[in-house]
Each structure stands twice: as structure tokens, then as C-alpha cells.
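Okay, here's what each chain looks like letter by letter:
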Amino acid sequence: MSAAVTGTGSYLPPETVDNFQLYEMGTLRESFDVEQARSALRHVEGAEGLSGPEVFDQWARQVTGIESRRRIPTDSDMTTEDMCSQAGLAALEAAGLGADEIDQVYVATVSPSDDVPNVACTVARKIGNPRLGGYGINAACAGFVYGIGAGWSAIVSGMADRVLVISGDALTRLVNYTDVRTAAVFADGAGAAVLERCEGDRGVLGPPAASGLFARDPLYLVGQSWRRDDDRIPILHMEGGPRILRNAIIKMAEVAEQALENAGLSWADVDFVIPHQANMRITRGLEKQLELPKGQVVHNIARYGNMSASTVGVALDEVVRGKHGPVPDPATIVLTAIGGGYTMAAAVVRV
């Protein structure tokens, strides 16, 4: 008995913000040290002649791998729950199901519009089944994979036959544009998957793996109910640097290997690896760490940015729909993520 992925979906806001546009937002231009960044540009011919916006574009590409990111328009009243609902409805359509055929909904986010009502209750109403049970998951960037684990557990235990797992975040509303490294990274979007009870050799193979390690500084979002008078709320802050990048690579590899061991498989059995798209240097580093051929590890941060937990859900939807190359039948996919906290999770899925 297992949980098969029978449908995937995603939602990306219509507005695309490239590095040149981002440079002009808020106080980023004033906060960005052009000459310091210019001196750090490697393998950029003619860097000394670049304008400030051109230096920022090249710097952002070098440091993050991001060329553009998706953003909810500033004049829009769209919420995280709206994006999650759109992604969830797309996954239901792909599975050939209606919202009234789902037993539970789990929504991973760090940017809900409300703490109460529960984000899952709000999404359930928006997709047309307000009586759905479910809950929100705050595991930062590992939230979608945690949701897959929760859905697998509910199905295997008999609690549910069909579960809708969604992740979504509106992170561009939480960044401080004087914090250049953080502002350059984050974006908005949502991803979803339908899990259904199944028998056979497809679905989530073996228990997903999850672990944690307390560390506040690498990524934190100040809790609004605990703010001090001098806090600027909300603030999403992420540190960078070689130590944090290396830790992300090692931990995603470790938790993925644990999930493979739980499934009784090895890397030789894997067709695709979908890591959290935190930074192109991290996903490329994971590719090198695992010694996997190019094309096997999925990279899409260049055009979407870091959408927190949604990066895995969106990439899974793209892989299933053939946007990253031919998909074997069946295809074995490893999902692996690390999030602020730290939270780590991985799952092996055969579709």
C-alpha cells in the first residue's frame, strides 16, 4: 500500500522581474555597493566598463544564478492562499478529480494571510470544499516535501484515501530592499500534487526522510506577534556565504540518501533529482556532490527565483509534464530540500 502521485499543478504570478528591474526597486540601488560587486565579478569580460545596473545583473547571476523572478504585482490583492488554490485546482484537474473527492489538504507556507483561520481551511474553501480537513505546515523551504510525507502517512495509516498537498509563498512582500542579498533571491509561486491510495510499485516508495537542526541566523522571518518596537515587520532575512552553501549541499544529499535507503534503492535507480531551488550554486553543487550526469538534477531557479517550498512543487509539475526532457515510464524521482530552521526532508516518488 502506498500513495501515488496522480496529478501535479503549479501557479506562477504573471509579473516577471528581471535583475535590471529589481535594481530600481525600493532602496536597493542605494544599498548596493557597485564597485565592491564589480571587483568580485569573475569570468566577466569588460566588467570595468559595466554600468551600475549591468554590474548588479552580473553579480546576481554569479551569486544566485537568478536572471528573473516571478512576483505578485504590487497593486494586486492576490494572496498566498489564492496562488495555492490555483495550483491545487490544476493538480486536481490533472488527476481528473473534483475538490469534493479529496479527504485532506495540507498547505506548506511561511507567508499565510492569516494565522487563524488555518491556511488549509482558507484554501479548502477557495477550491470549493470548505469541509476538507487539513492543516498548514511551516517547514520553510522543505515544506512541500514535508507535505508529501504527511500525505503518505495519512494514506498508509488509513486516515485518508486522497490528499492534496500544496505549497505556496508570497515572499516578495516580506523582503527588505536594503538587504540586497535577500532581496535578489526570493520570489512568489505555488506548487501542488494529488496523492491517492494505490498498490504496486508506483507512488511514494518507502517512508520519506525528515530531520532538523536548530539554527536561526541562516534564514529567519520575524514573528509579527513577538515584535519589538524597533523591529521592521515583517522582515525575511537570509545569510549567504560558503559555509551555508556547503551545508545545504551536504544536508540535501544526506537526507536524499536516507530516503533512497528507506525505499531500498540507490542513485543508479534514479531518473530525476528535484532539489529545492535555493541558489544555482547549491543545485550545481549537489549535482557535483552526487556525481550525477547533467540533466538528471533539475535546475529552474534562473527564471523563477527562490519560491521557498514551492520550488520543489513547481519543478515536479514541470518534470511530470515533460518540460525537463523525456520522462521514462515509470520514472523514479528524488525530491530533496533544506529550509530555514534548519529543516531537511526527502522523498522518493515513482510516477
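(A) Representation of unusual backbone geometry. The omega torsion of the bond from V116 to P117 falls at 5 degrees, within 30 degrees of zero and hence cis. Position of P117 relative to the elements: it lies in the loop between β4 (104-108) and α6 (119-127). For the peptide bond that leads from D329 to P330, omega is 0 degrees, which places it in the cis range. A positive phi angle, near 60 degrees, is found at H43, a position not held by glycine.

(B) Focus on the nonpolar core. F144, I148, I274, I333 and L335 are the most contacted members of the largest nonpolar core, which has 36 residues in total. At 7 residues, the largest contribution of residues to this core is made by helix α7 (residues 143-157). Beyond its immediate stretch of four places on either side in the chain, I333 contacts F272, I274, L316, V319, A347, V348, V349 and V351. Formed by 29 residues, the second largest nonpolar core is a distinct cluster that contains F32, F56, A60 and L171.

(C) Representation of the pattern of salt bridges in the model. A full pass over the atoms with the stated rule returns 13 salt bridges. As a salt-bridge pair, R197 and D161 come within 2.8 Å of each other at their nearest N and O atoms. Of this pair, R197 sits in strand β7 (residues 188-198) while D161 sits in the loop between α7 and β6 (162-170), placing them 36 residues apart in sequence. Three or more residues joined by partner-sharing salt bridges are found here, namely D57, R61 and E67.

(D) Structural view of helix α5 (residues 80-95). Here α5 is 16 residues long and its end C-alpha atoms lie 23 Å apart, about the 22 Å a rise of 1.5 Å per residue gives. Where α5 is concerned, the buried positions are T80, E81, M83, C84, S85, A87, G88, A91, L92 and A95. Of the surrounding secondary structure, the elements contacted by the buried residues of α5 are β1 (2-11), β4, α6, β6 and β7. In the segment just after α5, G96 is the residue with positive phi, at about 70 degrees.

(E) How the structure looks around α6. Within the span of α6, buried status applies to V119, A120, T122, V123, A124 and I127. Contacts made by the buried residues of α6 are with α5, β4, β5 (133-137) and β6. One or two steps after α6, the chain reaches G128, where phi turns positive at roughly 105 degrees.

(F) Here's a closer look at the pairing of β7. Most of β7 is tucked away: 10 of the 11 residues are buried. Across 9 bridges, β1 lies against β7 in antiparallel orientation. Bridged to S2 within β7 is C198. With 9 bridges connecting them, β6 and β7 associate as antiparallel partners. The partner of V163 across the bridge, within β7, is L195.

(G) Structural detail: empty space enclosed by the protein. In this structure the tally under the stated criterion is 2 cavities of 30 Å³ or more. Roughly 50 Å³ of volume is contained in the second largest cavity. Around the second largest cavity sit V17, L22, M25, R69, R71, T172, V175, Y177, A183 and F186, which together line it. Looking at the lining of the second largest cavity residue by residue, the class counts come to 7 nonpolar, 1 polar and 2 charged.

(H) Quick look at the side chain of S167. Looking at the element boundaries, S167 is found in strand β6. Residue class for S167 comes out buried when judged on its relative accessible area of 0%. Discounting residues that sit within four places of it in the chain, S167 has contacts with C84, A108, F144, G189, A190, G191, A309 and S310.

Cut-off values and rules
Residues numbered from 1 in each chain as written. Predicted model: local features only at pLDDT ≥ 70, side-chain atom pairs only at ≥ 80, totals over all residues. Heavy atoms only, no water. Helix = DSSP H or I, 4+ residues; strand = E, 2+ residues; numbered from the N terminus. Core = buried A, V, L, I, M, F, W, Y, C linked by side-chain atoms within 4.5 Å. Buried < 20%, exposed > 50% of the residue type's maximum accessible area, 1.4 Å probe, protein only. Contact = heavy atoms within 4.5 Å. Salt bridge = Lys/Arg side-chain N within 4 Å of Asp/Glu carboxyl O. Expected span 1.5 Å × (residues − 1). Pairing = 2+ DSSP bridges. 1 Å grid on protein atoms, 1.4 Å probe; cavity = no way out; pocket = protein on both sides within 12 Å on 5 of 7 lines; lining within 4 Å. Points joined across faces, edges and corners; volume = space filled by probe spheres on them. Nonpolar A, V, L, I, M, F, W, Y, C, P; charged D, E, K, R; others polar.

Interpretation note: all reported values are geometric properties and have no functional meaning in isolation.
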